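Close look at the chain arrangement
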Amino acid sequence: MSDAIPRHLQVNPAARKRGNGRKGVRRIQRIEHAEKAWSTPLQALLVAERAAVLTGNQTEFVMLLTIAYTGMRWSEALAIAPGAVRKEELDIHWKLYELGGRFYRGYPKDGSKRTVDIPPFLRQLLANYLGQGRKLRCPCVEREGDDRDDIPWCHGDEYVFLGARGGHHQRSHFSERIMRPAADGWYTGRSNRPRMPVLVDLNQPYPGAILPPWPANDPAAPPHVPQRRRGLRQPPADAALASWLPVLNGLTPHGLRHGHKTWMDEAKIHRSLSTDRMGHEVPGMDGIYGHITPGMRRELLSVLEDLWTTALQQRAAISRSSAVPMLDALLKNSAAPNSLPETEKPDL
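About the thresholds
Residues numbered from 1 in each chain as written. Predicted model: local features only at pLDDT ≥ 70, side-chain atom pairs only at ≥ 80, totals over all residues. Heavy atoms only, no water. Patch = residues over 30% accessible without salt bridge, like charges linked within 9 Å, V, L, I, M, F, W, Y side chains within 5 Å. Areas by Shrake-Rupley, 256 points an atom, 1.4 Å probe, with all protein chains shown as cover. Salt bridge = Lys/Arg side-chain N within 4 Å of Asp/Glu carboxyl O. Lys, Arg positive; Asp, Glu negative; His and termini not counted. Charge placed at Lys NZ, Arg CZ, Asp CG, Glu CD. Helix = DSSP H or I, 4+ residues; strand = E, 2+ residues; numbered from the N terminus. Buried < 20%, exposed > 50% of the residue type's maximum accessible area, 1.4 Å probe, protein only. Pairing = 2+ DSSP bridges. Contact = heavy atoms within 4.5 Å.

For the rest of this paragraph, the subject is a negative patch on the surface. A contiguous patch of negative charge on the surface is contributed by Glu 142, Glu 144, Asp 147, Asp 149 and Asp 150. For Asp 147, the position within the fold is in the loop between helix H5 (120-130) and helix H6 (171-184). Looking at Asp 147, the relative accessible area reads 62%, which means it is exposed.

For the rest of this paragraph, the subject is the pattern of salt bridges. Enumeration according to the criterion identifies 12 salt bridges in this entry. Where Glu 49 meets Arg 315, a salt bridge forms, and the shortest distance between an N and an O atom there is 2.8 Å. Of this pair, Glu 49 sits in helix H2 (residues 41-55) while Arg 315 sits in helix H10 (residues 294-318), and the two are 266 residues apart along the sequence. Looking at Arg 315, the relative accessible area reads 0%, which means it is buried. Linking Asp 265 and Lys 261 is a salt bridge whose minimum nitrogen-to-oxygen distance equals 2.8 Å. In this pair, Asp 265 and Lys 261 are both assigned in helix H7 (residues 253-266), 4 residues apart and thus about one turn of the helix distant. Look at the salt bridges and you will find they share partners, linking Arg 73, Glu 76 and Arg 114 into a network.

Right, let's talk about the sheet that holds strand E8 (residues 209-210) for a bit. The 3 strands are arranged E8-E7-E9 in an open sheet whose pairing can be described as antiparallel. Both outer strands of the open sheet, E8 and strand E9 (241-243), are each paired with one neighbouring strand and no more. For strand E7 (residues 199-201) and E8, the ladder comprises 2 bridges, and the chain directions are antiparallel. Within the sheet, the bridge partner assigned to Asp 201 lies in E8 and is Ala 209.

Cis geometry marks the peptide bond from Tyr 206 to Pro 207, where omega comes out at 5°. Looking at the element boundaries, Pro 207 is found in the loop between E7 and E8. Unusually for a residue other than glycine, Asp 110 sits at a positive phi of about 60°. Within the secondary structure, Asp 110 sits in the loop between strand E3 (102-106) and strand E4 (114-117). Phi at Lys 268 takes a positive value of approximately 60°, unusual for a residue other than glycine. Accessibility expressed as a relative area gives 71% for Lys 268, which makes it exposed.

Looking at the secondary structure, you find His 260 in helix H7. His 260 gets classed as buried once you look at its relative accessible area, which sits at 0%. For His 260, the contacting residues outside a window of four places in its chain are Ala 68, Tyr 69, Thr 70, Gly 71, Arg 277, Met 278 and Leu 304.

Treat this as a map of the structure, not an account of what it does.
Structure representation (C-alpha cells):
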C-alpha cells in the first residue's frame, strides 16, 4: 500500500504509528548504562575454577564451562537432563523456571528449542563428569494442591547440574555465594555484614583453599573479632594468606552467553549458525533462505576447541596444578606454557 502513495492514496492505513522518538531514547539509555560484562575464554575458565573451589563441588566447574561454550541461558542449563547429553550434541529443549523458591519446567524463551554441537573437550568433560556416578535426581516432591495447578512443577526428575546438596541452584543464591566471589574476588555485603574479600591459603593448590572471610582493612572501623564457633575452620598458623583479585567485575552466567556470541562474531562464524546456536531467529529473507551446512558446524567446533586449548595453556602459565581435580588432570596433560607466544601469555 505504501507503493500507492501518493498516486492512489494520501495515507497508508496499515502503516505502524511512529514511536515519537522512543526507539532513540531507548538507544541512548543503553549507551549510558554500563556495557554487559562478557568473558574471554581464559576468564570463563578462571571463574569456573573458582566457583568449584568455593563450593567444593566440580558441578559448578562443568556447568559454567558448558554455558560458556554453548551459549545457553542460565535456566536452560538448569534443565539439562542426562539424556540430553549425547555423543557430539546437546539438546536444549527445556528450561527450569524459578517461582517462589520452587521450580517448574517449560519451553525455552520464545520457544527456542534447539540442538547444539559441542566441541571435543566439552564432550569429554561431560562424559567424565556423568561417569562419576553422582546423584542426578533432584529432591523436589509433589505438594498438596499441585494437581489443581496449571503449573508443571518439578517432582523429582533427573538433571545434570544440581547443587552441592542435590537441589536446583537458585539464581540469587548462586549469584551471592558463588558467582560474585568467583568473578569479583569479594563476598557481597549484607545488612549485618560488610563486603569482604575472598581469603585463601596459597599453601594449597592454586587458586588456594578457602578460609573464613575477613573484612578489608579499614582504619576507621573497630578491630575485627573473628568468629569462634564449633565447625568453623580457623586459618592454620603457617597459612600463606592471600585474597583473590577480580577476574572480571560484574560477570554473570548470562555474561558467559554474551561472551560466546562475541567469540563467534570475532571468528566470523556464519550468521545463520551463530543465531541458531543462541536460540534466536534470523529475520527477513536471510532467515528463510539461509541454511546451516556441516562445513559451518565443523568450522565452529574447530574455533571453540582452539579457544579452549589456548585458554588452558594460559591457565597452565599461572600454575600447572589446580584444586579442582578435573582441571588438575587437564593441566598435567596440557602443552607447556612456554609454547605460547608472548602476546597470548596472561599478565601475572
